[in-house]
Amino acid sequence: MKRSNVYLAFLTAALVLFGAMFVHAAVIRRRSAPRLERTTEMVRRLDLTDLCLFTEARYTRHPVMADVNSLFQDSPLSLEHYPTGSLMAPPDHLEGRR
Amino acid sequence: MTISRWIQKQRYLIEMTLSSLLRRKGKYTALIVVYTSIVFLLASVMFFTEALEREARTVLSGAPDIVVQKLVAGRHDLIPTAYAETIREIRGVTAVRPALWGYYFDPVFGANYTVMVPEVFEHGPGEVAVGPGVAKATGSEIDYILPIWTSKGKLTSFFVKELLASESQLVSADLILMSEADFRAVFDIPEHLATNLVLEVRNPRELPVIAAKISDQLPDTRPILRTEVQRTYDSVFSWRSGLVVAVLIGSVLAFIIFAWDRASGLSAEERREIGILKAIGWETSDVIQMKFWEGTVVSLTSFLVGVLGAYAHVFLTSSTLFEPVLKGWAVIYPEFRLVPFVDAYQIAVLFFLTVVPYTVSTIVPSWRAATIDPDAVMRA
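These lines cover the structure that appears in this document, whether it is placed above or below. (Residues numbered from 1 in each chain as written. Chains lettered and ligands numbered in written order. Predicted model: local features only at pLDDT ≥ 70, side-chain atom pairs only at ≥ 80, totals over all residues. Heavy atoms only, no water.)

## Here's the deal with the overall build of chain A
Scanning chain A for helices and strands turns up three helices and zero strands. Along the chain direction, N to C, the helices and strands of chain A fall in the order α-α-α. Sorting the 98 residues of chain A into buried and exposed places 47% on the buried side. Summed over all atoms, the accessible surface of chain A reaches about 5,000 Å², with 63% contributed by carbon and sulfur. (Helix = DSSP H or I, 4+ residues; strand = E, 2+ residues; numbered from the N terminus. Buried < 20%, exposed > 50% of the residue type's maximum accessible area, 1.4 Å probe, protein only. Areas by Shrake-Rupley, 256 points an atom, 1.4 Å probe, with all protein chains shown as cover.)

## Description of the nonpolar core
Judged by nonpolar contacts, the single largest core of 87 residues is most densely connected at Leu51(A), Phe47(B), Phe303(B) and Val307(B). Considering each element in turn, this core owes the most residues, 15 residues, to helix H2 (residues 25-59) of chain B. Look past the residues within four positions of Phe47(B) in its chain and what remains in contact with it is Val307(B), Ala310(B), Tyr311(B), Val314(B), Phe315(B), Phe341(B), Val342(B), Gln346(B) and Ile347(B). Cys52(A), Ala135(B), Leu225(B) and Ile332(B) belong to the second largest nonpolar core, which has 42 residues in total. (Core = buried A, V, L, I, M, F, W, Y, C linked by side-chain atoms within 4.5 Å. Contact = heavy atoms within 4.5 Å.)

## Comments concerning the packing of aromatic side chains
The description of two aromatic rings rests on the distance between their centres and on the angle between their planes. Enumeration over the complete set of coordinates arrives at 14 aromatic pairs over all chains. When the centroid spacing of 6.4 Å and the interplanar angle of 85° are considered together, the rings of Phe47(B) and Tyr311(B) count as edge-to-face. Of this pair, Phe47(B) sits in helix H2 while Tyr311(B) sits in helix H11 (residues 284-316); the two residues are 264 residues apart in sequence, bridging distant segments of the chain. One aromatic cluster is present, formed by Phe18(A), Phe22(A), Phe303(B), Phe351(B) and Phe352(B) through successive ring pairs. For Arg54(B), the ring lying beneath its charged end belongs to Phe341(B), and the centroid distance is 3.5 Å. (Phe/Tyr/Trp six-rings, centres within 6.5 Å; stacked < 30°, edge-to-face > 60°. Lys NZ or Arg CZ within 6 Å of the ring centre and 35° of its normal.)

## Re the environment of Ala310(B)
Residues and elements named next belong to chain B. Tracing the chain through its elements places Ala310 in helix H11. On the accessibility criterion, Ala310 (0% relative accessible area) is buried. Distance from Ala310 to Asp77, taken between C-alpha atoms, is 43 Å for residues 233 residues apart in sequence. Once residues within four sequence positions are removed from consideration, Ala310 is found in contact with Phe40, Ala43, Ser44 and Phe47.

## Some thoughts on the interface of chain A and chain B
Contacts between the two partners involve 66 residues from chain A, matched on the other side by 89 residues from chain B. One can count four salt bridges joining chain A with chain B. Of the charged contacts, one joins Asp47(A) and Arg97(B) as a salt bridge, the two residues approaching to 2.9 Å between their closest N and O atoms. Secondary-structure elements contributing two or more residues to the side of chain A that touches chain B are helix H1 (3-46), helix H2 (58-61) and helix H3 (92-95) of chain A. The leading source of residues in the side of chain A that touches chain B is H1(A), at 28 residues. Grouping the constituent residues of the side of chain A that touches chain B by class yields 34 nonpolar, 15 polar and 17 charged. (Salt bridge = Lys/Arg side-chain N within 4 Å of Asp/Glu carboxyl O. Nonpolar A, V, L, I, M, F, W, Y, C, P; charged D, E, K, R; others polar.)

Following this line, the structure appears as C-alpha cells:
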C-alpha cells in the first residue's frame, strides 16, 4: 500500500473522530441537562455561592465571599502560600473595589 | 489541469513528502511529539476552563439574588440578624433570611469542611448530611459517627444520616449539613448573629438599585449580587491566572523555538534535495507545494491528535493531569466530569495559534531555496 494512501486513511479517520467529538459533546450535553438541573436545584436549596473546586483556603473555596483584601491579608509580607491561590484570579467584584 | 489530474499530482506530492519525512524519521518524530504535546496542553486548558465556566454559570444561576455580608476592618464578620429588618423594609425585597455556614478543620483527616445549615434540614439534632468528598475522606456511610470538636474544645459525635448526591459534588463535595441548634452549639454563635443574610428580590433588574440602598443604609455591609457570583468563575482562570500563564509561556517559548528553527533556513540536506528536484525539472511551485504538504503533514497530524487527546483527557478522564495542580494541598477534591463544550471558535483559535504559524514558517525558507539556481543550491 502506498504511503500516501496510509496517511490519507489516517487523516480521514482522525477527521471522522474530530467530527465524532462534536457529536459526542452534543449528546453528553443533552444527557447531562437533568443532572445540571438537579445541581442547580441543590444550589438554590442550600443558598450556595461557589463551586467546591479548591478546599485548601477559604478565599479559594469561596472566592465570591472572600474578604476585599484577601491578598496579603495576614501581613504585607505574607506571600501566597497555598498553591491554588496562585492558580485563580480574584473575582471581578473584588478587583473593582481596589 | 483537470481536477482528477490535480488530485493525482497532490497524492504524488504527499508520497514524495512522506518519503522525505521518513528519511529524517528521528527529527520529525521528536517534532511531532513536542508539537502534539503543545496542542494537547493548550487545548486541555481551553476545554477545561470553557466547560468549567459554562457549568459554573449554569449551576450558579440558582445562587441567591443577593448575599449581604458584614465587614469589620476589611474582614468578613458575623452579621446581626436585626439587619434583616432594615433590609426587609427596602422596596422590592421579598424575603430576607439569615444564613449560617462556616469552616471546620478536621484534625484527624487534615481536611477542611464547609459546615452549613440548610433552610430546611430534614434530620434531627445530632444528625448530619455529608457531601461525597467528606464521606470519602472519613470513610463515612449512613449511621456512621462523625466526631466534631466544638469551639469550646468538647468532642461531639454526629450521626451521618444522609450522603449528598455524588453527581453534584462540584458544589457539594466538602459540605456537612446540620441543624441550626447544632451549628450554634458547635461554633458557639449567639442567636442574634448569622454568617450572612440571603435576599430574594422580586425583579432581577432592581438588584443593583437594592444593593446600592443596602450599602447606603448599612455602610458596614457588602452586598454580593448573583450576577457577580456567576461572573466570578468567568474570570477565575483568566489569562493572568497562574495555570494559564504557565501553559501560555511554555507554549509560546516552544513555538518561538519551532519558528526559529524553520525560519532560520533549511538544513544542507534539505537544500540539496530541493536543488536535485529543480535540476530534474520540478517547478518552484511544485517544490513549494511539497513543502506545504510537509508542513501540513506535521502540523495537521499534531493538531488533530493533540485536540482529540485533550478532549479525551478533559471530558473522558476528568482532567487527570490537572488534578494534582488543582488539588494543591487540599485533602478533599471533587471527582467531577465536566459537561463537554466544544465549538468552532475554540477550534479556530487553536488552529490559528498552532497550525498556521508552523506551516507559514515552513514555506518561506523553502520558497527562498526554491527560487535560486539549482546548481548554486547543490554546490552550497
